[in-house]
Amino acid sequence: MKLNKNYKFWFATGSQDLYGDECLNKVAAHSKEIVAGLNASGKLPFEVVLKPTLISQASIRQTFNDANNDPECAGVITWMHTFSPAKMWILGLQEYRKPLCHLHTQFNEEIPYDTIDMDFMNENQSAHGDREYGHIVSRMGIERKIIVGHWQDPEVVEELSGWMYTAVGAIESSHIRVCRFGDNMNNVAVTEGDKVEAQIKFGWEIDHYNVNDLVEIVDAVSESDVNALTDEYYSKYKILLEGRDADEFRRHVAVQARQEIGLRKFLEDNDYHAVVTHFGMLGGLKQLPGLAIQRLMEDGYGFGAEGDWKTAALVRLMKLMTAGKKDAKGTSFMEDYTYNFVKGKEGILQAHMLEVCPSIADGEISIKACPLSMGNREDPARLVFTAKEGKGVACSLIDLGHRFRLIINAVDVKKTEKPMPKLPVATAFWTPEPDLKTGAAAWILAGGAHHTSFSYDLTVQQMVDLADTFGIESVVIDKDTNLKSLKNELRWNEMFFSRR
């Protein structure tokens, strides 16, 4: 998928007029070289744009407000080349509303031992100036990303790149609109949530339609369009008849083609970016959308099953955060199903009834049409595959009644020991960090859902940064997780976030 905007990040250097024009000219030249070097690295996903050196309250305030008003500005990177009295920054920071990065760097990598003098010290005092600036940002309680190191260090550039993806996700979050066909599954707790608070915190608009509003559009799709898309399916995927009559099988597949076209039209016409269905509220639909949803997810739409709008929006957001990423391995809706407790082979089989995104597929993708006991409709066609191997993150956004919590689990996706020929769904098999026993206990302790938003292409730190940007709690489950410490962390977090 591609982003709708050509996002850029502004680079704002702080100084003051105390040091004279010669010093300020060098500051400007150094900033220009740093920005040019970052852009030339080829490692940043978005362009960095140099802004004039900020030496007054008025220029700082104007720059931040200009950033607010520029729809292509996804965030501001700040750096204090010299000392920059922090009271000058207060009004600008108060009015700024986008992601903020504090790049704690300096122009030179090494102290020039043989030539250093007081002129050099006055001109190159980031270690001094960034502390002054950092103090006021902390005192004002403003969330920001702090990156420390020399600007030419590949690790620094990589960290800046990761933050850029997160910042764009935070900006794009305010444009996410979720379309719900039907409501939440009866008596299920974790898919519920405060839609008003979600719009306040994340900017998400969550709307509801009767599924028969969709049925009208699905039924109106022309036979020629259905046949064309069905032909595309047959040319792109392996067809697994498994004893079914070929004509009857194609009719089942054609139902999904009709649903995909109808769903896509409904979402595009009404400007929605994520969709929720429910097997118990299918109205006049002939099948539960399976293959249709999988294809929409592959194109960047978010999805949540059984009315789970939080997961649908988060899948969309995570896809936005990875849009255009080179060699991306995929992002999908997922669900924990069953365990393997065999020693040395522990893991969780991930799947869903139908709807797993083919962006995570490894190798051949097939179409099956099999009975589904839930939904009381025709046998739905679905894409079947196994997921790629590799590291990833599984995330769950939960509503605790008075606030949100984002649970982030680092996982290792592996191949199952044996094939599962009778299982007619797409699957992934992963071991949560630090191990299955601790990881599963930590997930349950934190209140994680059975639905997850999963990605190979995002890191734990990026998701933590996202939660920080939104001002919500994040709980990390990774190689360092200790259950005793986690219990205390959850208690402390409750005290901190409940008073915000």
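Residues numbered from 1 in each chain as written. Predicted model: local features only at pLDDT ≥ 70, side-chain atom pairs only at ≥ 80, totals over all residues. Heavy atoms only, no water.

## Side note on unusual backbone geometry
Basically, it comes down to this: In DSSP terms, a helix is any run of H or I states spanning at least four residues, a strand is any run of E spanning at least two, and both are numbered starting from the N terminus.
Here the residue pair E433 and P434 is connected by a cis peptide bond, since its omega of 0° sits within 30 degrees of zero. Here P434 is to be found in the loop between β17 (428-432) and α13 (436-446). Look at E306: it is not a glycine, yet its phi comes out positive at around 50°. By the element assignment, E306 lies in the loop between β10 (302-304) and α12 (309-321).

## So, the side chain of Q287
The condition is simple: Per-residue accessibility, obtained with a 1.4 Å probe over protein chains only, is compared with the maximum for each type, and a residue is labelled buried under 20%, exposed over 50%, and partly exposed between these values. Polar contact is defined as a pair of N or O atoms within 3.5 Å, subject to the rule that within protein one atom must be able to donate a hydrogen and the other to accept it, and that residues adjacent in sequence are counted only when both atoms are side-chain atoms. In what follows, a contact means two residues having at least one pair of non-hydrogen atoms within 4.5 Å.
Note that Q287 resides in the loop between β9 (274-276) and α11 (291-298). Among the residues examined, Q287 registers a relative accessible area of 0% and is labelled buried. Engagement of the side chain of Q287 in a polar contact is seen with the backbone nitrogen of A381, the distance being 3.3 Å. Those residues in contact with Q287 that sit more than four places away from it in its chain are H252, V255, Q256, Q259, L282, R377, E378, D379, P380 and A381.

## Some points on the environment of L160
Residue placement: L160 occurs in helix α6 (residues 154-173). Discounting chain neighbours no more than four positions away, the residues touching L160 are L38, L44, I77, C101 and I147.

## Regarding the pattern of salt bridges
Rules: Counted as salt bridges are all cases of a side-chain nitrogen of Lys or Arg within 4 Å of a carboxyl oxygen of Asp or Glu.
Within the structure shown, the criterion is met by 27 salt bridges. In this structure, D465 engages K145 in a salt bridge whose closest nitrogen and oxygen atoms are separated by 3.1 Å. On the criterion of sequence distance, the pair formed by D465 in helix α14 (residues 460-470) and K145 in strand β5 (residues 145-148) is long-range, its members being 320 residues apart. With relative accessibility at 10%, the residue D465 sits in the buried group.

## A look at the environment of K418
Position of K418 relative to the elements: it lies in the loop between β16 (404-414) and β17. Once the C-alpha coordinates of K418 and L24 are considered, the two residues, 394 residues apart in sequence, prove to be 66 Å apart.

## Here's the deal with the packing of aromatic side chains
The following threshold applies: Between rings of Phe, Tyr and Trp, where Trp is taken as its six-membered ring, a pair exists when centres lie within 6.5 Å; planes separated by under 30 degrees are stacked, by over 60 edge-to-face, and by other angles tilted. Our definition puts a charge over a ring when NZ of Lys or CZ of Arg is within 6 Å of the ring centre and also within 35 degrees of the ring normal.
Under the counting rule described, the total for this entry stands at 21 aromatic pairs. Seen from their ring centres, W89 and Y133 are 5.0 Å apart, and the 65° between their planes marks the pair as edge-to-face. Of the two residues, W89 sits in the loop between β3 (73-80) and α3 (90-95) while Y133 sits in helix α5 (residues 126-139), which places them 44 residues apart along the sequence. Of the two residues, W89 and Y133, both sit in the buried class. Ring centres of F107 and W151 lie 6.2 Å apart, and the angle between their planes is 25°; on these two criteria the pair is classed as stacked. Placement of the pair is F107 in the loop between β4 (100-104) and α4 (118-123) and W151 in the loop between β5 and α6, with a sequence separation of 44 residues. According to the relative accessible area criterion, F107 is buried, its value standing at 19%. Overall, W151 belongs to the buried group, its relative accessible area being 5%. Linked through ring pairs, F9, F46, W163 and Y165 together constitute an aromatic cluster. When the ring centre of Y272 is taken as reference, the NZ or CZ atom of R177 above it lies at 4.2 Å. A cation over a ring is seen here: K310 above W309, with NZ or CZ 5.3 Å from the ring centre.

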